[in-house]
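Working through the structure, step by step
What follows is each chain in one-letter form.
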Amino acid sequence: MDEATPGSTTINRAPPREFGAADRTLLVDPFGRDISYLRVSVTDRCDFRCVYCMAENMAFLPKADVLSLEELDRLCSAFVARGVRKLRLTGGEPLVRRGIMTLVGSLSRHLRTGALDELTLTTNGSQLTKYAQELKDHGVRRLNVSLDTLDPDKFRAITRWGSLDQVLTGIDAAQAAGLKVKINVVALKGVNDGELPQLIEWAHGRGMDLTVIEVMPLGEIGEGRLDQYLPLSMVRARLEERFTLEDVDYRTGGPARYVRVAETGGRLGFITPLTHNFCESCNRVRVTCTGTLYMCLGQEDAADLRKPLRASEGNDLLFAAIDEAIARKPKGHDFIIDRRHKRPALARHMSVTGG
Ligand code: SAM
C-alpha cells in the first residue's frame, strides 16, 4: 500500500429488491477501481488432485467451518447489493459441493432482476454431464472448463485422479445444453507445452475460446515449482512460429488478454500473473468457502466475513466488514518463485482461494 490514502468511495445504484435503499452503495477501492466481480470458492474439496494445485494428501476443512448454502447465498447477495455484477463459483470443484444447484438456482434471481450481469462457474468438467442442462436452465450462459491435455495418460498424470473421457463427455453435454465453454490450460513445462497447438486447434474447431494460464506459486504441492514454470512470453513466441496472432480488444471482465488466431479464427487468451502484471485494472475480490475475503489473489491480507455473517441476521455488520476490507485492497501483487528455497510465494493453495 503506498501513495493513495486507504478508504472506499461510494456511488449509488439500485440494489436487489431484498436489500434496503441504505445498502445501495458501490464498492470502490482506494485506487479508484470498481469492485464488480466476485469469485466464490464454494468448497475446498475436489475430485481431482492436479499436481500444480494440490498435494495428493490434502487435509480438508471441517464442515462447521464451511459456510452453508444459505450463508453463501446471503454473502453473495450482499456483494450483489453493493454493486457486484459478475459472480463466479469456483473451488475446489464447485460441482462436487452437495446441493450446489440449490445455490445456483437461488442466486439466479439476481440475473432475473437485472442486478447481476453474469453468473458463471469454473469447473474441471467432471460433473457436467449431470449438471449442464440445469445450469443453463438457471441462466448460466458461459463456463470455464480446466483441461490441460487431450492425452488420456497425461491427463491422469496431471490430475492424479481424473478421467479425460468423463471431462470430454461433460464438455459435450455443456455444448449440447447451449452453454458457451472456454477452455483453461495451465502451461506446464515439459508436460503440455508441446501440445498447445493441438489444444488450440481442437478448442477453436469446437467453437471454444482457450486461455493459457501461467502456473502460479501458490501452496505447497510437494513438487518443485521451477520444474513446472513456463513463462507465457515464451509460449506466445513459440505459438507465433506456427500461428498468426492478432491482438484484439475483447475482454470478459477477467485478467485474460486476448488475441485472434488467424488460422483457426478462434480467440486465445493469456493470463500472465508472473510475466505481466494485470493489477491496474483489477475489479475482483475472492471469498473462500469459510467466508474469508481475499482482496488480492497474490497477497495474504484477508478479512473474516463469517463472523459478521453469523453474528446477526441483519447485514449491517457484514457490510461494515466488507467496506473495511475493500478499503485495504492492495494496489497489486508480486508473485515471486523463491528460487533459493524453492518455496511457494504464498502458502495458500489455489483450491482454497478459488482460481
Ligand atoms: N476445480 C475447478 C477447475 O478445475 O477449474 C475450479 C478450481 S481450480 C483451483 C481453478 C483454476 O485454477 C483451474 O484452471 C486450475 O488449473 C487453476 N490453478 C490451480 N492451481 C494453479 C496454479 N498454481 N497456478 C495457476 N493456475 C492454477
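Residues numbered from 1 in each chain as written. Predicted model: local features only at pLDDT ≥ 70, side-chain atom pairs only at ≥ 80, totals over all residues. Heavy atoms only, no water.

**Quick word on the pairing of strand β5 (residues 180–187)**
Cut-off, in case you're wondering: Any residue under 20% of the maximum accessible area for its type is buried, any over 50% is exposed, and the rest in between are partly exposed; the area is computed with a 1.4 Å probe on protein chains only. In this text, helices come from DSSP runs of H or I with a minimum length of four residues, and strands from runs of E with a minimum of two, each type numbered from the N-terminal end. Pairing between strands is defined by DSSP: at least two bridges between them are needed. A clockwise path from the first strand over the helix to the second, with the strands pointing away from the viewer, defines a right-handed crossover.
Summarising burial for β5: 7 of the 8 residues are buried, a large majority. The pairing of β5 with strand β6 (residues 209–214) spans 6 bridges and is parallel. Residue pairing across strands places N184 opposite T211, the latter belonging to β6. In terms of handedness, the path from β5 via helix α7 (residues 196–205) over to β6 forms a crossover that is right-handed.

**Focus: the sheet that holds strand β7 (residues 245–247)**
The criterion, for reference: The axes used here are C-alpha line fits, helices contributing only the stretch in contact, and every angle between their N-to-C directions lies in the interval 0 to 180 degrees.
Spatially, the 12 strands line up as an open sheet ordered β7-β8-β9-β6-β5-β4-β3-β2-β1-β10-β11-β12, and their pairing is mixed. Of all strands in the sheet, those bounded by a partner on one side alone are β7 and β12 (302–304). Between one strand and the next, the sheet's axes are offset by a mean angle of 25°, whatever the strand orientation. Pairing analysis gives 4 bridges linking β6 to strand β9 (residues 267–271), with the strands arranged parallel. Note that in β9 the partner of T211 across the bridge is G269.

**Some points on the site of the ligand**
Selection rule: Residues are classed as near a molecule or strand on a simple rule: at least one heavy atom within 4 Å of it. In the analysis that follows, any N or O atom pair within 3.5 Å is treated as a polar contact, provided that within protein one partner can donate a hydrogen and the other can accept it, and provided that, for residues neighboring in sequence, both atoms belong to side chains. Surface accessibility follows the Shrake-Rupley procedure with a 1.4 Å probe radius. Residue values consider only the protein chains on display as shielding. Any residue outside Ala, Val, Leu, Ile, Met, Phe, Trp, Tyr, Cys, Pro, Asp, Glu, Lys and Arg is labelled polar, Gly included; the first ten of those are nonpolar and the last four are charged.
Taken together, 17 residues lie around the ligand, and Y52, G92, E93, S146 and M216 are the ones closest in. Note that a nitrogen atom of the ligand is positioned 3.0 Å from one of the side-chain N or O atoms of E93. Measuring from an oxygen atom of the ligand, one finds a backbone N or O atom of T123 at 3.4 Å. Across the complex, the protein chains shield 95% of the 540 Å² of accessible surface that the ligand would expose by itself. Tallied by class, residues from the shell around the ligand come to 6 nonpolar, 8 polar and 3 charged.

**Describing the nonpolar core**
To keep things clear, this is the line we draw: Here, nonpolar core refers to any group of buried Ala, Val, Leu, Ile, Met, Phe, Trp, Tyr and Cys residues whose side-chain atoms link them within 4.5 Å. The criterion used for residue contact is that any of the two residues' heavy atoms lie within 4.5 Å.
Ranked by internal contacts, the top residues of the largest apolar core, which has 100 residues, are F79, L89, L135, I183 and L268. Per element, the largest residue contribution to this core is 8 residues, and it comes from helix α1 (residues 69–81). Not counting chain neighbours up to four residues away, the residues in contact with L89 comprise V40, V42, P94, I100, L103, V104, L107, L119, T120, L121 and T122.

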